[in-house]
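Fold and contact review
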Amino acid sequence: MMKQYFDDLVNGIEAKLKEDPGSMSPRKIYALEVAKIGRRLYGGEERVAWCGVTAPFDLLAAMGITSCFVEFIGAMLASTGMVSEFLAEAEQAGFAGDTCAYHKSVLGAARKGLMPVPDFLIATSCPCTGGLAVMETLARHFQKDLFVLNIPQEETQQSVQYLADQIRDMVNFVSNHTGEALSEDRLREAIAHTNKAREIMVDVYKMAMNVPSPANGRLLGNFGIVVALLLGTKAAVDVATVYRDSFKEMLEKGISGIPDERIRLLWIQNRIQFKNPLIDILETQYNASIVSDELNDITWDPIDPDDPYIGLARRAISIPFNGQGSRRIKHLQQMAKDYKIDGAINPCHWGCRQGSGARGLISKGLGEVGVPVLNLEVDCIDSRNFAEGQLKTRLEAFTEMLDHRSSPWEA
Amino acid sequence: MTDMKKQRIGFTCAYTPIAIVDAAGFVPYRVLPVTDVPDQAGRILHDNLCPHVKRVLDRALENDLPEDLTGMIFMNSCDAMRRLADAWMTVRPEDHVMILDLPTTGGRTDIAFFAKELERLSHTLAAWSGNPIAADQIARSVEQYNQIADNIRTLNEFLAQGKLKGSGKRLQELINQATSAPFADSLTLLDAEIRNNQLNPARQNGIPVFLFGNVMPDPDFFSLIEDCGVQIVGNDFCTSTRMFENLPCTDKETLFTEISGQLLNKPPCARTFDPARPGKIADDVIQRAKSLGAQGIIGHSLKFCDPYLARLPMVRDAVQGTDIPLLLLEGDCTLRSFGQQRTRIEAFVEMLR
Ligand code: SF4
Ligand code: SF4
């Protein structure tokens, strides 16, 4: 079922692009590359590792592993409208209704035989406790070996070294499973791709900061977190390049992501992954554009190809969900400033203690820089209780309020 | 420290190395989620965080804490605990706060890293108190707290044998006391309790059951379980026996590494695990229940506790292959919902008869 889905997706986009090359948009190219990962995961021909969100996907790519964080599958199931039966399956098996539905859906899918059996699993302690638990559960379910990367909370010389050592151990773990040593050349090539993609993405995000922004509620949705899966490959460079070229052209021609952009919004944490009308309403009724997502940022330095483990460790530690809440809030405040944000939307994904747990402090922190936050109560994966009417009303009240106040960034 | 009266340093997790806190001249004080103050932590956190951290934050919000509590040590044990640390710093900005980064696994690199964290703790506590801490002092405190761990183990055995007056409720009262009072007071109390009970005859008071879970500090919980016809033969909660583990201190030069290795590899709570044996928690629960001669297992976890909620299905699956029935309860640190649970426990015990 999933294999068919990804095959159809890849073939569909490719056919469309062939038929009408003018229809090529950055989002399509990005979707195509992501769908190709899905196709490889489900193709049955490649070595597969299920991972945690902050695994070094570029290093794994250099070792010939198709790897993916499991939450990606939860998001896919939600976006295709198939998630309910898998959530029900997991709940039936005793996974509490109150846990993160990204994980529950994956557990349901594994129990129903819809997750390819991996060669091994690599868990990461960041971003969340639930993520680690699901990896342990999957390792037991699949009876496959598990490696854990403990991502330290703060960046210190000692913590970076600790993670770098673990990543080295991970390389040995992978080699022991594949029977192949890590090729220095392939690693160099992967790091070069990562650094190139990084450099271009910095430009892309900078351009998205323009007022009005070439970005909109869809173009870069979920981008920062998912593009990590492409790092280390040419696909990451290609995807970043089409975004850069497209944004450049839009800026030159004075085209914005939505017509008459009036309100600039920041989306906190993850998007609502199933189909819903909220973005449309924001854009068409209120000229409100989501110009960035919290994770659409480069928080790490280029990786030194001569000493990549340190750079890979720093990158994992740097993600805004890691460490103390104050660090996350500082990052959000900086984004608000860079993007001249009028208001932020926090979906407060039900079941996410990591993210929703910081709700009050995020509101306070963004409030301090004059940016109001709309806290929603949604499950970003589980559409079963989606209170569309209520959410619409709240969004409307919020955007109207923003419309009547001046930008916090006006001189 | 210049004050004659020792200041208290709060903590909230069974992985906290309280001997080091003691060595620094502070009284380690477990901030238990037990309070009558109104529920309001959801304003700062979110209602979907576990009642353990919410009730602890409620205490901070209402200042329902000892006056001489001047700092907190949080362990990076789970998302909820991290968020509690954030909130604590906002609510009580004048407190000293330290967050120790606790790995989730106990391998070679993890032990080395956590040893450095323990060293950092020791330096931080020294800075808070104004006095350096010598390795000798830490070794002495470790030995002292090992005596408490021995005593708690003995009392737990008394409980399993039906010898302990006041039973499970009394044991929990003693543990709560030992996690919040100065060492000497705790030791005196526990010694006396052992003396007073050791000659009591062993008694079979009910169906032998093994209890496990995360946070249940209310002593009445244990008597309510016993009132349903249960004899608690083993009790594995973060707030009970798991709180006190013997730590090694054979070599002062490598003290932190020794303590680190022991803490990371002690009988774990669900958040710490062995990647070589995924789901080992399930096998451990069964193995412990069997070795204690339990006829049934009762698991009690808090609502919204990711480490436990995510692993209980593994326990449930594993138990199905045995002849030991399992009852899973979910609570909120209080006995508010116990009315409904009592019926389930009674039915469970009835089935075991
Ligand atoms: S939403 Fe939260 S709990 Fe769920 S996968 Fe993401 S960080 Fe983890
Ligand atoms: S381990 Fe569970 S009960 Fe303890 S603080 Fe974390 S979520 Fe709460």
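Predicted, not measured: the structure shown is a model, and the values here were computed from it. (Residues numbered from 1 in each chain as written. Chains lettered and ligands numbered in written order. Predicted model: local features only at pLDDT ≥ 70, side-chain atom pairs only at ≥ 80, totals over all residues. Heavy atoms only, no water.)

Description of the overall build of chain A
Within chain A, the secondary structure is distributed over 17 helices and 8 strands. By the compact-globule yardstick of 22 Å for 411 residues, chain A fits well, its C-alpha radius of gyration being 21 Å. The C-alpha extent of chain A, read off along each of the three principal axes, is 65 × 50 × 50 Å. Classification of the 411 residues of chain A by burial places 62% in the buried group. Of the roughly 15500 Å² of accessible surface on chain A, a fraction of 48% belongs to carbon and sulfur atoms. In chain A, the 43 positive side-chain charges and the 53 negative ones have mean positions that sit 1 Å from each other. (Helix = DSSP H or I, 4+ residues; strand = E, 2+ residues; numbered from the N terminus. Rg over C-alpha atoms; globule rule 2.2 N^0.38 Å. Buried < 20%, exposed > 50% of the residue type's maximum accessible area, 1.4 Å probe, protein only. Areas by Shrake-Rupley, 256 points an atom, 1.4 Å probe, with all protein chains shown as cover. Lys, Arg positive; Asp, Glu negative; His and termini not counted. Charge placed at Lys NZ, Arg CZ, Asp CG, Glu CD.)

A closer look at the interface of chain B and chain A
The interface is formed by 49 residues belonging to chain B together with 49 residues belonging to chain A. For the pair chain B and chain A, the summed buried area comes to about 4000 Å², and 53% of that belongs to carbon and sulfur atoms. Per-residue buried area on chain B facing chain A is highest for B:His46, B:Arg83 and B:Asp306; these three make up 15% of the total on that side. Remark: the boundary between chain B and chain A carries 6 salt bridges. (Contact = heavy atoms within 4.5 Å. Buried area = accessible area lost by both parts, 1.4 Å probe. Salt bridge = Lys/Arg side-chain N within 4 Å of Asp/Glu carboxyl O.)

Re the sheet that holds strand β8 (residues 373-375) of chain A
Residues and elements named next belong to chain A. Strand order in the open sheet formed by 4 strands is β6-β5-β7-β8, with parallel pairing between adjacent strands. Each of the sheet's edge strands pairs with one partner strand only, and the pair in question is β6 (288-293) and β8. Across the sheet, the mean angle from the axis of one strand to that of its neighbour is 30 degrees, orientation sign disregarded. Summarising the sheet, strand β5 (residues 263-267) and strand β7 (residues 343-346) pair through 3 bridges and their orientation is parallel. Looking across to β7, one finds that Leu266 is bridged to Ala344. (Pairing = 2+ DSSP bridges. Axes fitted to C-alpha atoms, helices over the stretch in contact; angles between N-to-C directions.)

Some points on the nonpolar core
All names here are of chain A. One finds Trp50, Phe72, Met115, Ile122 and Phe247 to be the most contacted residues of the largest nonpolar core, which totals 180 residues. The element that contributes the greatest number of residues to this core is helix α9 (residues 184-208), accounting for 10 residues. Each of domain 1 (2-180) and domain 2 (186-403) contributes no fewer than three residues to this core. Ignoring sequence-local partners within four residues, the contact set of Ile122 consists of Trp50, Cys51, Gly52, Leu60, Met135, Phe147, Leu149, Met170, Phe173 and Val174. (Core = buried A, V, L, I, M, F, W, Y, C linked by side-chain atoms within 4.5 Å. Domains from an automatic or database assignment.)

Structural notes on the domain arrangement of chain A
Residues and elements named next belong to chain A. Segmentation of chain A into domains returns domain 1 (2-180) and domain 2 (186-403). Taken together, the contact between domain 1 and domain 2 spans 53 residues of the former and 54 residues of the latter. In total, about 4400 Å² of surface goes out of reach between domain 1 and domain 2, with carbon and sulfur atoms giving 65% of it. Taken as a group, Tyr30, Asp58 and Tyr102 account for 15% of the area that domain 1 buries against domain 2, more than any other trio of residues on that side. Our count for the contact surface shared by domain 1 and domain 2 stands at 4 salt bridges. Of the charged contacts, one joins Arg327 and Glu154 as a salt bridge, the two residues approaching to 3.7 Å between their closest N and O atoms. Where domain 1 touches domain 2, the interface holds 18 residue pairs in polar contact (both at pLDDT 80 or more). Elements that contribute at least two residues to the side of domain 1 that touches domain 2 include exactly α2 (26-43), α3 (57-62), β2 (65-69), α4 (71-79), α5 (83-92), α6 (101-111) and α8 (157-178). Element by element, the count of residues in the side of domain 1 that touches domain 2 is highest for α8, at 8 residues. (Polar contact = N/O pair within 3.5 Å; in protein donor to acceptor, adjacent residues only side chain to side chain.)

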